[in-house]
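Each chain, written out:
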Amino acid sequence: MKPKKNSLSDLGGIMYSTNPEFEYEEEVDDLVTSPNNQQDLRVMLDKKNRGGKALTLITGFRGRSEDLEVLGKMLKTKCGVGGSVKDGEIMIQGDVRDKVMGILQKDGYKVKKAGG
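Values in this document were obtained by computation on a predicted structure and should not be read as measured data.

1. Focus on the pairing of strand S4 (residues 89-93)
Phase 1 of the analysis: Across three bridges, the pairing between strand S2 (residues 55-59) and S4 is antiparallel. What sits directly across from Ile58, in S4, is Ile90.
Phase 2 of the analysis: Remark: two residues form the turn of the hairpin made by strand S3 (residues 83-86) and S4, two consecutive strands paired antiparallel; Asp87 in that turn has positive phi of roughly 50°.

2. Focus on the nonpolar core
If you look at soluble globular proteins, the nonpolar side chains tend to sit buried side by side.
Phase 1 of the analysis: The biggest cluster of nonpolar side chains holds 18 residues, and the ones touching the most others in it are Ile58, Leu75, Ile90, Val100 and Leu104.
Phase 2 of the analysis: Looking at this core, the elements with two or more residues in it are strand S1 (40-46), helix H1 (65-79), S4 and helix H2 (97-106).
Phase 3 of the analysis: Setting aside its immediate chain neighbours within four residues, Leu75 contacts Ile58, Ile90, Ile92, Val100, Ile103 and Leu104.

3. Structural notes on the sheet that holds strand S5 (residues 110-113)
Phase 1 of the analysis: Strand order in the open sheet made by the five strands is S3-S4-S2-S1-S5, with mixed pairing throughout. Of all strands in the sheet, those bounded by a partner on one side alone are S3 and S5. Neighbouring strand axes in the sheet, compared pairwise and without regard to direction, differ in orientation by 20° on average.
Phase 2 of the analysis: Inspection of the sheet shows S3 paired to S4 by four bridges, in the antiparallel sense.

4. Structural notes on the packing of H1 against H2
To characterise two packed helices, one gives the angle between the axes of the helices and the distance between these axes.
Phase 1 of the analysis: It is the contact of H1 with H2, at a shortest axis distance of 10 Å, that shows an interaxial angle of 125°. Considering the angle they form, H1 stands oblique to H2. Handedness of the H1/H2 crossing: right-handed. Together, Leu71, Met74, Leu75, Lys78 and Cys79 of H1 and Lys99, Val100, Ile103 and Leu104 of H2 make up the contact between the two elements.
Phase 2 of the analysis: In the contact of H1 with H2, the residues fall into seven nonpolar, no polar and two charged.

5. Overview of the side chain of Thr56
Phase 1 of the analysis: Examined against the element boundaries, Thr56 turns out to sit in strand S2.
Phase 2 of the analysis: With relative accessibility at 0%, the residue Thr56 sits in the buried group.
Phase 3 of the analysis: At a separation of 3.0 Å, a polar atom in the side chain of Thr56 contacts the main-chain amide nitrogen of Val96.
Phase 4 of the analysis: With residues near it in sequence (within four places) discarded, Thr56 still touches Val43, Met44, Ile90, Met91, Ile92, Gly94, Asp95, Val96, Arg97 and Val100.

The rules we used
- Residues numbered from 1 in each chain as written.
- Predicted model: local features only at pLDDT ≥ 70, side-chain atom pairs only at ≥ 80, totals over all residues.
- Heavy atoms only, no water.
- Pairing = 2+ DSSP bridges.
- Helix = DSSP H or I, 4+ residues; strand = E, 2+ residues; numbered from the N terminus.
- Core = buried A, V, L, I, M, F, W, Y, C linked by side-chain atoms within 4.5 Å.
- Buried < 20%, exposed > 50% of the residue type's maximum accessible area, 1.4 Å probe, protein only.
- Contact = heavy atoms within 4.5 Å.
- Axes fitted to C-alpha atoms, helices over the stretch in contact; angles between N-to-C directions.
- Parallel < 35°, antiparallel > 145°, perpendicular 65-115°, else oblique.
- Left-handed = near helix turned anticlockwise from the far one by under 90°.
- Nonpolar A, V, L, I, M, F, W, Y, C, P; charged D, E, K, R; others polar.
- Polar contact = N/O pair within 3.5 Å; in protein donor to acceptor, adjacent residues only side chain to side chain.

Structure, rendered in structure tokens:
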């Protein structure tokens, strides 16, 4: 069963084809995730467009989206808060920068605090 397409960007810009035999070729995500010690992650606090609520944002991950999802779930579990993974960024609710940095450093990631 093919995965459901949610938006036009999921189709790669193809909207309609008059060719009845047209079959859209999906790109294969063969990106390899770099080892932890080669990842250069940035941890920052973000309050923009959130009604003043703080959000810890982790950027700079290079690799497969599945591996990013696993890392995001692990961070949310260890911090005991909610969050999400979107557009190659991990968003953790609240100001837990120091805790996130400690967890990532224990796992061997290169982490830097970014922003104010």
